[in-house]
Each structure stands twice: as C-alpha cells, then as structure tokens.
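Residue strings, one per chain:
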Amino acid sequence: MVNRTIVGAHYGLRDWLYQRITAVIMVVYVAGFFVLLCNGPKLDFATWRMMFTPQWMKYATLLFLFSLYLHAWIGVRDIVMDYVKHAGVRLALYAVFVIALLLYAAWSVRILWGI
Amino acid sequence: MRFSIYRYNPDIDAEPRMQDYDIALEPTDRMLLDALVRIKEHDDTLSLRRSCREGVCGSDAMNINGRNGLACITKLADVKEPVVIRPLPGLPVIRDLIVDMSQFFKQYHSIKPYLQNDTPEPEKERLQSPADREELNGLYECILCACCSTACPSFWWNPDKFVGPAGLLQAYRFIADTRDEATNERLDNLEDPYRLFRCHSIMNCVDVCPKGLNPTRAIGKIKEMMVKRTV
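Residues numbered from 1 in each chain as written. Chains lettered and ligands numbered in written order. Predicted model: local features only at pLDDT ≥ 70, side-chain atom pairs only at ≥ 80, totals over all residues.

## Section: the interface of chain B and chain A
Applied cut-off: Any pair of residues counts as being in contact when their C-beta atoms, constructed from backbone geometry, are within 7 Å of one another. The helix count covers DSSP runs of H or I at least four residues long, the strand count covers runs of E at least two residues long, and both are numbered beginning at the N terminus. Three classes are used, and their members are as follows: Ala, Val, Leu, Ile, Met, Phe, Trp, Tyr, Cys and Pro are nonpolar, Asp, Glu, Lys and Arg are charged, and the others, Gly among them, are polar.
At the interface, 15 residues of chain B touch 13 residues of chain A. In terms of residue count, the dominant contributor to the side of chain B that touches chain A is helix α8 (residues 215-230) of chain B (four residues). Across the side of chain B that touches chain A, the residue classes break down as seven nonpolar, two polar and six charged.

## A look at the domain arrangement of chain B
All names here are of chain B. Cut-off, in case you're wondering: As used throughout, domain bounds are those supplied by an automatic or database domain assignment.
Assigned domains of chain B: these are domain 1 (2-99) and domain 2 (102-230). The C-alpha centroid of domain 2 is placed 29 Å from the C-alpha centroid of domain 1. Listed by partner, the interface residues are 14 residues for domain 1 and 14 residues for domain 2. Examining the composition of the side of domain 1 that touches domain 2, we find that four residues originate from one element, strand β4 (residues 67-70), more than from any other. Classifying every residue of the side of domain 1 that touches domain 2 gives eight nonpolar, five polar and one charged.

## A word on the packing of helix α3 (residues 55-83) of chain A against helix α4 (residues 87-112) of chain A
All names here are of chain A. Which entries qualify depends on this criterion: Lines fitted to C-alpha atoms define the axes, with helix axes restricted to the stretch in contact, and inter-axis angles between N-to-C directions lie between 0 and 180 degrees. Orientation labels follow simple angle bins: below 35 degrees gives roughly parallel, above 145 gives roughly antiparallel, 65 to 115 gives roughly perpendicular, and whatever is left gives oblique.
Look at α3 against α4: their axes get within 10 Å of each other, and the N-to-C directions meet at 170°. In terms of their interaxial angle, α3 and α4 are classed as roughly antiparallel. Residues Lys-58, Thr-61, Leu-62, Leu-65, Phe-66, Tyr-69, Ala-72, Trp-73, Val-76, Arg-77 and Val-80 of α3 lie in contact with α4, whose contacting residues are Arg-90, Leu-93, Tyr-94, Phe-97, Val-98, Leu-101, Tyr-104, Ala-105, Ser-108, Val-109 and Leu-112. Class assignment for the residues of the contact of α3 with α4 results in 17 nonpolar, two polar and three charged.

## Examining the environment of Trp-48 of chain A
Inspection of the secondary structure puts Trp-48 of chain A in helix α2 (residues 45-51). Along the chain, Trp-48 of chain A and Leu-36 of chain A lie 12 residues apart, while their C-alpha atoms are 11 Å from each other.

## A word on the sheet that holds strand β5 (residues 83-86) of chain B
Residues and elements named next belong to chain B. Quick note on the threshold: Here a strand pair is declared whenever DSSP counts at least two bridges between the two strands.
Pairing within the open sheet is mixed, and its five strands lie in the order β2-β1-β5-β3-β4. Each of the sheet's edge strands pairs with one partner strand only, and the pair in question is β2 (17-22) and β4. Recorded for the sheet is a direction-independent mean angle of 30° between the axes of neighbouring strands. Where strand β3 (residues 61-64) and β5 come together, two bridges link them in antiparallel fashion.

## Digging into the environment of Trp-16 of chain A
For clarity, the cut-off: Any residue with 12 or fewer other C-beta atoms within 10 Å of its own C-beta is exposed, any with 20 or more is buried, and the rest are partly exposed; the C-beta atoms used are placed from the backbone.
Looking at where Trp-16 of chain A falls in the secondary structure, it is placed in helix α1 (residues 13-39). Trp-16 of chain A sits in the buried class, given 20 other C-beta atoms within 10 Å. Distance from Trp-16 of chain A to Val-30 of chain A, taken between C-alpha atoms, is 21 Å for residues 14 residues apart in sequence. Each residue touching Trp-16 of chain A, except ones within four places of it in the same chain, is listed here: Phe-197 and Lys-223 of chain B.

## Some details on the nonpolar core
All names here are of chain B. Cut-off, in case you're wondering: The nonpolar core criterion groups buried Ala, Val, Leu, Ile, Met, Phe, Trp, Tyr and Cys residues into a set whenever they are joined through C-beta atoms within 7 Å.
In this structure, Leu-168, Ala-171, Tyr-172 and Ile-222 are the most contacted members of the largest nonpolar core, which totals 60 residues. Per element, the largest residue contribution to this core is seven residues, and it comes from helix α5 (residues 164-175). Structurally, this core is a two-domain feature, drawing no fewer than three residues from each of domain 1 (2-99) and domain 2 (102-230). Tyr-172 has contacts with Leu-139, Ala-218, Lys-221 and Ile-222, leaving out every residue within four places of it along the chain.

## Examining the pairing of β4 of chain B
Sheet topology note: the β3 of chain B/β4 of chain B ladder contains four bridges and is antiparallel. Each residue of the ladder has a partner; that of Ile-64 of chain B, found in β4 of chain B, is Arg-67 of chain B.

## Topic: unusual backbone geometry
Note: most residues except glycine have negative phi, and most peptide bonds are trans. Residues and elements named next belong to chain B. With an omega of -10°, the peptide bond between Glu-81 and Pro-82 qualifies as cis. Tracing the sequence through the fold places Pro-82 in the loop between β4 and β5. The backbone of Asp-96 sits at a positive phi, close to 45°, despite the residue not being glycine. Note on placement: Asp-96 falls in the loop between β6 (93-95) and β7 (98-99). Judged by the 22 C-beta atoms lying within 10 Å of it, Asp-96 is buried. Notably, Ala-146 is not glycine yet its phi reads approximately 80°, a positive angle.

Structure (structure tokens):
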C-alpha cells in the first residue's frame, strides 16, 4: 500500500460528547459521595460496607464506574492517537485497552454485588 | 542588548547551534524586529523572514523567550535579556529562523478557505445584515502567521492530520458566513477524530495569538454546530 496521509473517518463527535457527559456524571457522583462520607458516622470498615449495601448505591456506583471506563477509553485512545504512529500497533493497543476495560467493568459488577 | 539566536544552515552545519550577540542599539530601535535588523547589519548570514514590520503580514513569527510571537510588534522594553530567539517550533527549519510552512498551508487549504455559493450572483454584491456581519469579527482578522498552530501540541504530533487552530478558525470563518452555502460539507469535512477532535481546548493558541483572536472559541462553535446537527 502506498504511504499516504489518510483522514476522514467521520466520527469523533459522539466520543467527544460522551466524554463530557461522563465527566458530569463522575463529578456529581464524587460530590455526592463526599457529602455522604462527611455526614456519616465514624469511617470504619462497617460504615464503608454499609454505604454500599443499598441497591440504589450499587447502581449509582456502577454508573460512576462505567462512566469512568468510557471516559478513560476515549482519553487513552486520544493519547495513543497522538503518540503511536504505526496503525497496526495502535489497533493492538486499542484491543488491549478495550479488553482490560471490559474486564474491569465485569469485575466492578462482581465486587459491588458481592458485598 | 544581549541575544541568543538559533542558527542552522543545513548546507554547512551538522546540527543547529545557539549564537550569542551583544549589540548596541540605536534610540530608534523600539521593536524586536529593529534589533534583528540591527544584528543583520553586523552579521548578514542571519536569515529571517520579514515584510510589513507592523504586524499585518505575519512573516516574522518566531519563538521569543519560549513564546511564539511577531518580532515586529514585540517591544524590546518588554523582553527579558538575553533574548532567546528560535524558529517556530514543530516545523522543518529551512535556515536559521526561516521555517517551511508547507504543512501549515496545506491544512489551511484543506478547509477550502473561500466562499462557496452556487446561486446566481446579484448585480452588485451579496449582502449581509449587520448582525450577520458581526459574527465574522474575531475570525477574518487572522494573518496566518502560524504562531497558534505551532504552539499547539496536537499540531506538533499530527501536523499532517490535525487542521490546527489557524485552519479551524478559518473553517469557522466560512461556516459562520451567511453568504456561504457549503456549511454541511464543511462540517462533514471536519467531523473526524484527527482533523477536528485532536483539539483538547488547552488554549495555547489563544495565549499566543498576536492579533488577540480566539481559535478555541471558534473550534467550540464548530463542535456546537455539529451537536445541533446531530441531536
């Protein structure tokens, strides 16, 4: 294949929007979490465990973690796009990151509902 | 006044070097460009581009004490000694302070920097309302000096794929123009992870623009239009 500069993949807007929306979700969760933490009783293992017992807290935390993974995927892909010039290496790295983030997502569910 | 200037002649030098100059200035030497011309009187091997000497042509863009700017509108009173002068970062050096701007202009041309309108021309001119014309303020003033694009890390890493702040400012200049009819094609052309979305709004471009323009705001407006078009 001839070595030409190829651009025009016609995507990017959706990722850019997702990154902003997930950022807002994370800010709201972290702020709420700190409020909960500051107003709660003395922080020990029992309190910490109790915080994550209600179903709504599990879902909120899961939403936060999924937002984090999606946000991280777009951010990491941006870094790889900037610094890794070989398309094959880039694709391989994408695969590694996607698999890792999917495993994290599955692991998150296991941890949250394992409490 | 003391200067340290980047020197490189690819025909002779194996690698670039910094050369120190200690020059007695005349009272009429007010701007950095005056000093550089004074240095050239003593050492005519020093190469730089210059033309209008009043911040309109954009020829004498260079890196002054680590910051991109135009030598002709940089006051000598404002710069710290020794004044370290390098060519614009990220572009290939042709000689001394002269860089090869091909990549920069290639990106500029890629956004089709001209009005596209297929309707029959009116007898005199295509008119705009004062409000529509207002939108072009802060866009049309760009002199294409490349200070902004060469201060942008995204442009350093992907000069062949990322349009860069100067090109994107001009892209919005034509998207915002009510006389232009190719808005959709222009947005299509920019909707790309490399061409537009390499911009992460770090605003180096806004910081260095010698004309006080705001490419980040223009890029934000392009993204806003894309969102409106999509949702």
